Amino acid sequence: MDDFHWGECCIVVPFMEESRTQRQFFFQKYYAAFKKLGDKRQKITEVGCGRCTIGQYFARDGKDVECMDISQYAVDLARKNFKDAGLHGTFVRADVLHLPLGKYQRKYRDMIVSVGLIEHLETGEWQNCIKECYRILRPGGMLAFINVPKKFSIQTFFQKHDHYHREKLIPEDYVRVCKEAGFRVVDFFYINPFPLLETRYEKFWTRIYKTIYWIRSLWMEYPMRGSKLFSQAHFLVAIK
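Residues numbered from 1 in each chain as written. Predicted model: local features only at pLDDT ≥ 70, side-chain atom pairs only at ≥ 80, totals over all residues. Heavy atoms only, no water.

Visitor: Looking at this structure, I do not really get the overall build of the chain. What am I missing?
Guide: Within the chain one finds 7 helices and 7 strands. Each helix and strand of the chain, placed in order from N terminus to C terminus, yields the pattern α-β-α-β-α-β-β-α-β-α-α-β-α-β. Sorting the 240 residues of the chain into buried and exposed places 54% on the buried side. (Helix = DSSP H or I, 4+ residues; strand = E, 2+ residues; numbered from the N terminus. Buried < 20%, exposed > 50% of the residue type's maximum accessible area, 1.4 Å probe, protein only.)

Visitor: Please clarify how the pairing of strand β2 (residues 64-69) should be interpreted in this entry.
Guide: Along a regular strand, successive side chains alternate from one face of the sheet to the other. Most of β2 is tucked away, with 5 of its 6 residues classed as buried. Pairing of strand β1 (residues 43-47) with β2 involves 5 bridges; the strand directions are parallel. The partner of Thr 45 across the bridge, within β2, is Glu 66. With respect to chirality, the unit in which β1 leads through helix α2 (residues 53-60) into the neighbouring parallel β2 is right-handed. Two elements, β2 and strand β3 (residues 90-93), share 4 bridges in a ladder whose sense is parallel. If you follow Met 68 over to β3, its bridge partner there is Val 92. One crossover worth recording links β2 to the parallel β3 by way of helix α3 (residues 72-84), and it is right-handed. (Pairing = 2+ DSSP bridges. Right-handed = clockwise from strand over helix to strand, strands pointing away.)

Visitor: Quick question: what am I supposed to make of the packing of aromatic side chains here?
Guide: When we look at a pair of aromatic rings, we describe it by the centre distance and by the angle of the planes. If you walk through the whole model with that rule in mind, you get 17 aromatic pairs. Measuring from centroid to centroid gives 6.0 Å for Phe 25 and Phe 26, while their planes differ by 55°, and the two rings are tilted. Accessibility classification places Phe 25 together with Phe 26 in one group, the buried group. Consider the rings of Phe 204 and Trp 205, whose centres lie 5.5 Å apart with planes at 80°: the pair is edge-to-face. For Trp 205, a relative accessible area of 30% gives the class partly exposed. Members of the aromatic cluster, each reached through a chain of ring pairs, are Phe 25, Phe 26, Phe 194, Phe 204, Trp 205, Tyr 209 and Tyr 213. (Phe/Tyr/Trp six-rings, centres within 6.5 Å; stacked < 30°, edge-to-face > 60°.)

Visitor: Before we go on, may I ask you to explain the pairing of strand β5 (residues 137-147) in this structure?
Guide: Within β5, 9 of the 11 residues are buried, which leaves it mostly tucked inside the rest of the structure. When strand β4 (residues 109-115) meets β5, the two strands line up parallel, connected through 6 bridges. Each bridged residue has a counterpart across the sheet, and for Val 115 the counterpart in β5 is Ile 146. In the classification by handedness, the crossover that spans β4, the intervening helix α4 (residues 125-136) and the parallel β5 is right-handed. Pairing of β5 with strand β7 (residues 233-239) involves 6 bridges; the strand directions are antiparallel.

Visitor: Looking at this model, I keep getting lost on the state of the cysteines. Mind explaining?
Guide: Disulfide: a covalent bond connecting the sulfur atoms of a pair of cysteines. According to the stated counting rule, one finds 1 disulfide in the structure shown. Of the cysteine sulfurs around Cys 129, a residue in no disulfide, the closest is that of Cys 133, at 4.3 Å. Between Cys 178, a cysteine without a disulfide, and Cys 133, which holds the nearest cysteine sulfur, the sulfur-to-sulfur distance is 8.7 Å. When its relative accessible area of 0% is taken as the criterion, Cys 178 is described as buried. (Disulfide = S-S within 2.5 Å.)

Geometry only, nothing functional implied.
Okay, structure coming up:
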């Protein structure tokens, strides 16, 4: 048995290894979508970075990565994860409501990414977060956020304790605010049909999910796509 636990300090799958936990599997597959979107973009900032998991994957692919969080603990954890993996990055303690541009106020980003950040913010704050991201992106730059909505889904049905912050807004609300902020192209899709199970058989369920993912890949371009009912979250994409 391999018990599920919430305290994983690093969930990046080591190079040339297989995912062993559900969240390792989820984030590895999330990155497949981020990577495709950010393939031709070099300066990547992960806001509300926490462990900076997506940032680590981008850094492994040679991107110029900046990890940003309001929590000093999170910034230190991200720095440690990069150091342990032999990766280079920039680590900044900053508020997403007042994002720094960088040296000489000219360091505009090509892409800003986040997983599970915006639902932590109050009404009024998350709108300002989107405006701030728009401000520090270069023309043609991209915002790519995975957001966790407050809704019934297969995850909430199976999970004993819901440890996620959840926002009552629907994806269309985020699309509307992105357009109001000035983004010229905005879209979303639902993501991750797999429930996060609090289980004593973590490796077993991870293998099951990988098998289902492989089967779905036989007819789906991106097997992590889901529906409104059968999904954990939605993926918001906006281009300046």
